[in-house]
Amino acid sequence: MLIRFTKMQGAGNDFVMLDETRGPLGLSTAQYRFLADRHFGVGADQILSVRPSPEAGIDFEYVIHNADGGEVEQCGNGSRCFLRFVRDKGLTSKDTVKVKTLSGVIEPSMQPDGRVRVDMGAPVFELPLVPFDASGLMPVAVNSWQEWPLADVHPAPQAPVLIAVLSMGNPHAVQIVDDVETAPVAETGPLIENHVRFPRRVNAGFMQLVSRSQVRLRVYERGVGETLACGTGACAAVVAGIRLGLLDRRVDVQTRGGQLTIEWSGELDAPVMMTGPATTVFESEIEIPEL
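Throughout what follows, the structure given in this document is the object of discussion. (Residues numbered from 1 in each chain as written. Predicted model: local features only at pLDDT ≥ 70, side-chain atom pairs only at ≥ 80, totals over all residues. Heavy atoms only, no water.)

1. Structural notes on the pairing of strand β7 (residues 104-110)
Heads up, the condition is: For two strands to be treated as a pair, DSSP must find no fewer than two bridges joining them. Helix numbers and strand numbers start at the N terminus; a helix is a DSSP run of H or I with at least 4 residues, a strand a run of E with at least 2.
Pairing of strand β6 (residues 99-101) with β7 involves 3 bridges; the strand directions are antiparallel. Its bridge partner lying in β7, K100 is registered against V105. Where β6 folds back onto β7 in an antiparallel hairpin, the turn is made up of 2 residues. Where β7 lies against strand β8 (residues 116-119), 4 bridges are found, and the strand directions are antiparallel. For M110, the partnering residue across the bridge sits in β8 and is V116. What sits between the antiparallel neighbours β7 and β8 is a turn of 5 residues, in which G114 has the positive phi angle 95 degrees.

2. Re a nonpolar patch on the surface
To be explicit about the condition: In this scheme, patches are assembled from residues that exceed 30% relative accessible area and form no salt bridge. Like charges are connected within 9 Å, while nonpolar side chains (Val, Leu, Ile, Met, Phe, Trp, Tyr) are connected within 5 Å. The Shrake-Rupley method, run with a 1.4 Å probe sphere, supplies the accessible areas, and residue values consider only the shown protein chains as cover. A carboxyl oxygen of Asp or Glu within 4 Å of a side-chain nitrogen of Lys or Arg is what we treat as a salt bridge. Exposure categories follow from relative accessible area, calculated using a 1.4 Å probe and restricted to protein chains: below 20% of the type maximum is buried, above 50% is exposed, and the middle band is partly exposed.
On the surface, I176, L209 and L246 cluster together to form a nonpolar patch covering roughly 200 Å² of accessible area. When you line up the elements, L246 lands in the loop between α4 (231-243) and β16 (250-254). A relative accessible area of 31% means that L246 is categorised as partly exposed.

3. Focus: the nonpolar core
The cut-off we apply is this: Among buried residues, the Ala, Val, Leu, Ile, Met, Phe, Trp, Tyr and Cys ones that are joined through side-chain atoms within 4.5 Å form a nonpolar core. In this description, contact between two residues means that some pair of their heavy atoms is separated by no more than 4.5 Å.
Counting residues in hydrophobic clusters, the biggest one holds 54 residues, and the most contacted among them are M17, Y62, L166, V174, V253 and I262. The biggest single contributor to this core is α4, with 8 residues. In this structure M17 touches F5, T6, M8, L48, V50, C81, F82 and F85, once residues within four positions along its chain are discounted. Counting 21 residues, the second largest nonpolar core, distinct from the first, contains V161, A173, V185 and F198.

The following block contains the structure:
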């Protein structure tokens, strides 16, 4: 099957964009993995499919597959690329669109400076909805919230790490580290991702506090590995920092791929706003084998 695609990136988080507004391509899990493969396919952290409106009041549906071929609920950096893609392809002329994802409706908007701002919805703190199994654990209270001790997250036996647990449409475990450059992301990231207390796995965030309005962040993403940036991970890290009393309501998040700006009022039902770049890299066609 020969398909046309667009390669895009947002702060280094890279994507293969597929236009399925005229009909689904019907790709298999193995074919999504092929597209994401950096040696034999195009190479990407996620495959993003643009599909037609599923209901009144919604402009598009947005379907996300990770590099391992599994479908996931949300992708923040991808949502910015989504808006730029549908505008560049003439699928809409709107500056703001309503997009249905597996976890709900988001609203990306073009900004005068060329960046894209996205209403990512309100964070979710109810542990069963993340989901996170806290049975038998004793939380550490911090600023009217809590961190959770997570054991067995080191290759060799060590003390548990403290994590803040929440969902931004997908599950996140955020820990504060002294230095993101020396944090054991490659070693402990997969152990946290696949920890038994996260039945649907989790995105593992490693956040360094620079000031009350600036952090550095690395994220080991579920089903992908470490990426140059993670939009929902940046949202989750800032929300966690605000709830722990460590950050202000507007924070610049420096990732290895670029800077994102995250805003949250601190009200539990208030949406998290994310602003950042979205760039087209190239367009082409690729023959996908029957897998």
